[in-house]
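# Understanding the architecture of this molecule
So you can see what is in the structure, the chains are spelled out below.
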Amino acid sequence: MASQTPKFHLHTYFRSSCSGRLRIALALKQIPYTTTVTNLLKDEQLSSTYAAINPSASVPVLTRLDTDTSFSIGQSIAALEYLEEAFPGVHPLLPAPERALERAQVRTLVNIVACDIQPITNRRIILAVQQLGKDPAEWCRHFIERGFAAYEATLEKTAGQFSVGDEITLADVCLVPAVWAVERFSVDLGKFPRLKGVFEEMSGTEAVRKAHWRRQEDTPEEFKES
Ligand SMILES: N[C@@H](CCC(=O)N[C@@H](CS)C(=O)NCC(=O)O)C(=O)O
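Residues numbered from 1 in each chain as written. Predicted model: local features only at pLDDT ≥ 70, side-chain atom pairs only at ≥ 80, totals over all residues. Heavy atoms only, no water.

Approximately 1000 Å³ is the volume found for the largest pocket. Elements with a minimum of two residues in the lining of the largest pocket: α1 (17-28), α3 (76-86), α4 (100-117), α5 (123-131) and α7 (170-182). Here the element with the most residues in the lining of the largest pocket is α5; it accounts for four residues. Tallied by class, residues from the lining of the largest pocket come to 23 nonpolar, 12 polar and seven charged. Each of domain 1 (8-92) and domain 2 (100-210) contributes no fewer than three residues to the lining of the largest pocket. For the second largest pocket, the lining is made up of 13 residues, of which Pro95, Arg99, Glu167, Ile168 and Thr169 are closest to its centre. (1 Å grid on protein atoms, 1.4 Å probe; cavity = no way out; pocket = protein on both sides within 12 Å on 5 of 7 lines; lining within 4 Å. Points joined across faces, edges and corners; volume = space filled by probe spheres on them. Helix = DSSP H or I, 4+ residues; strand = E, 2+ residues; numbered from the N terminus. Nonpolar A, V, L, I, M, F, W, Y, C, P; charged D, E, K, R; others polar. Domains from an automatic or database assignment.)

The next point concerns the packing of aromatic side chains. Applying the stated criterion across every chain, the model contains nine aromatic pairs. When the centroid spacing of 4.9 Å and the interplanar angle of 70° are considered together, the rings of tyrosine 13 and phenylalanine 14 count as edge-to-face. Phenylalanine 14 matches tyrosine 13 in its accessibility class, with the two residues each being buried. Relative to phenylalanine 192, the ring of phenylalanine 148 lies with its centre 5.7 Å away and its plane at 85°, an arrangement referred to as edge-to-face. Taken as a pair, phenylalanine 148 in helix α6 (residues 136-158) and phenylalanine 192 in the loop between α7 and α8 (193-203) lie far apart in primary sequence, 44 residues in all. In terms of burial, phenylalanine 148 and phenylalanine 192 fall into one category: buried. Each member of the aromatic cluster is reached from another via a ring pair, and the members are Phe8, Phe71, Tyr82 and Phe87. Over the aromatic face of tryptophan 213 sits the side chain of arginine 15, whose NZ or CZ is 3.7 Å from the ring centroid. (Phe/Tyr/Trp six-rings, centres within 6.5 Å; stacked < 30°, edge-to-face > 60°. Buried < 20%, exposed > 50% of the residue type's maximum accessible area, 1.4 Å probe, protein only. Lys NZ or Arg CZ within 6 Å of the ring centre and 35° of its normal.)

We now examine the domain arrangement of the protein. Examined at the domain level, the protein breaks down into domain 1 (8-92) and domain 2 (100-210). Between the C-alpha centres of domain 1 and domain 2 the distance comes to 20 Å. Taken together, the contact pairs 22 residues of domain 1 with 20 residues of domain 2. Buried surface at the junction of domain 1 and domain 2, summed over both partners, amounts to about 1700 Å²; 65% is from carbon and sulfur atoms. Among the residues of domain 1 in contact with domain 2, Arg15, Arg21 and Ile24 are the three that bury the most area, contributing 33% of the side total. Our enumeration of links across domain 1 and domain 2 arrives at two salt bridges. As a salt-bridge pair, arginine 107 and glutamate 81 come within 3.7 Å of each other at their nearest N and O atoms. Where domain 1 packs against domain 2, one counts four residue pairs in polar contact (both at pLDDT 80 or more). The dominant element in the side of domain 1 that touches domain 2, judged by the number of residues it contributes, is α1, at nine residues. Considering only residue class, the side of domain 1 that touches domain 2 consists of 11 nonpolar, six polar and five charged. (Contact = heavy atoms within 4.5 Å. Buried area = accessible area lost by both parts, 1.4 Å probe. Salt bridge = Lys/Arg side-chain N within 4 Å of Asp/Glu carboxyl O. Polar contact = N/O pair within 3.5 Å; in protein donor to acceptor, adjacent residues only side chain to side chain.)

In this section: the packing of α3 against α7. The angle between the axes and the distance between the axes are what describe a pair of packed helices. Two elements in contact, α3 and α7, have axes separated by 11 Å at closest approach and are oriented at 140°. Comparing their axes, α7 and α3 come out oblique. When the axes of α3 and α7 are compared, the crossing they make is right-handed. For the pair formed by α3 and α7, the contact residues are Ile77, Leu80 and Glu81 on the first element and Leu170, Val173 and Cys174 on the second. Residue classes in the contact of α3 with α7 are distributed as five nonpolar, no polar and one charged. (Axes fitted to C-alpha atoms, helices over the stretch in contact; angles between N-to-C directions. Parallel < 35°, antiparallel > 145°, perpendicular 65-115°, else oblique. Left-handed = near helix turned anticlockwise from the far one by under 90°.)

Around the ligand, the structure places 15 residues, and the nearest of them are Val59, Gln75, Ser76, Asn122 and Arg124. A distance of 2.9 Å separates an oxygen atom of the ligand from a polar side-chain atom of glutamine 45. Between the ligand and glutamine 118 there is a distance of 3.0 Å, counted from an oxygen atom to a side-chain nitrogen or oxygen. Compared with its free state, where it exposes 510 Å², the ligand has 89% of that area covered by protein. (Near = heavy atom within 4 Å. Areas by Shrake-Rupley, 256 points an atom, 1.4 Å probe, with all protein chains shown as cover.)

Summed over the entire model, instances satisfying the criterion amount to one cavity of 30 Å³ or more. As a volume, the largest cavity reaches approximately 40 Å³. Lining the largest cavity are Phe14, Arg15, Ser16, Ser17, Arg23, Pro177, Trp180, Ala181 and Trp213. Among the elements of the structure, α1 and α7 are those that each provide at least two residues to the lining of the largest cavity. The residue makeup of the lining of the largest cavity, split by class, is five nonpolar, two polar and two charged. Residue-level mapping places the lining of the largest cavity at the junction of two domains, with at least three residues from each of domain 1 (8-92) and domain 2 (100-210).

Spelled out as structure tokens, the structure:
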């Protein structure tokens, strides 16, 4: 039987860093996809309809439509790893299986962003911090700088042209939208020169250009770039 062309759909929001990870990986792997915008500022992720799609009430959700039973993945790292395992031949985003240490280095950097930074600077946390009468910008700056300092120190051992060696990996895919997200919190990237260098290298790629938050269908006109 001829293999089906994969058909993907992404629930996304232009400013969501976790959605940005998927947009970059899909672009690198040259996988076309359709989208539904879930507007976080309108709390669309909290609706009961959306809960049926993603019980975690967050974006992104990656859905595959072409298989006999379509399925959705509602956690961005699981979705990235799915893409990597399902399409290892196009732009691999992990070092080869026998390079176990480098794979662990990639995952360490991924986890700094996806476990130590994003969850504690997420919209729902920002709102909770605000309700406690604290300054959410100061909160986010503090935890982003701690996370970036860990990323920067790790890069000393791992970096080449990109975060781990000279190939783009999942670490870079996660780093770029994390840097986009800090633009709002006046974090001084000059304190993290290796991280800044990798970000700039990544920003020059077509995949990152295409996935950029300023170039999405739901990017408001005042932020849009062509
Ligand atoms: N662990 C989840 C986190 C997803 C997440 O927090 N997404 C943010 C946007 S980057 C979101 O939907 N926030 C909505 C909220 O906090 O209510 C993942 O990696 O997919």
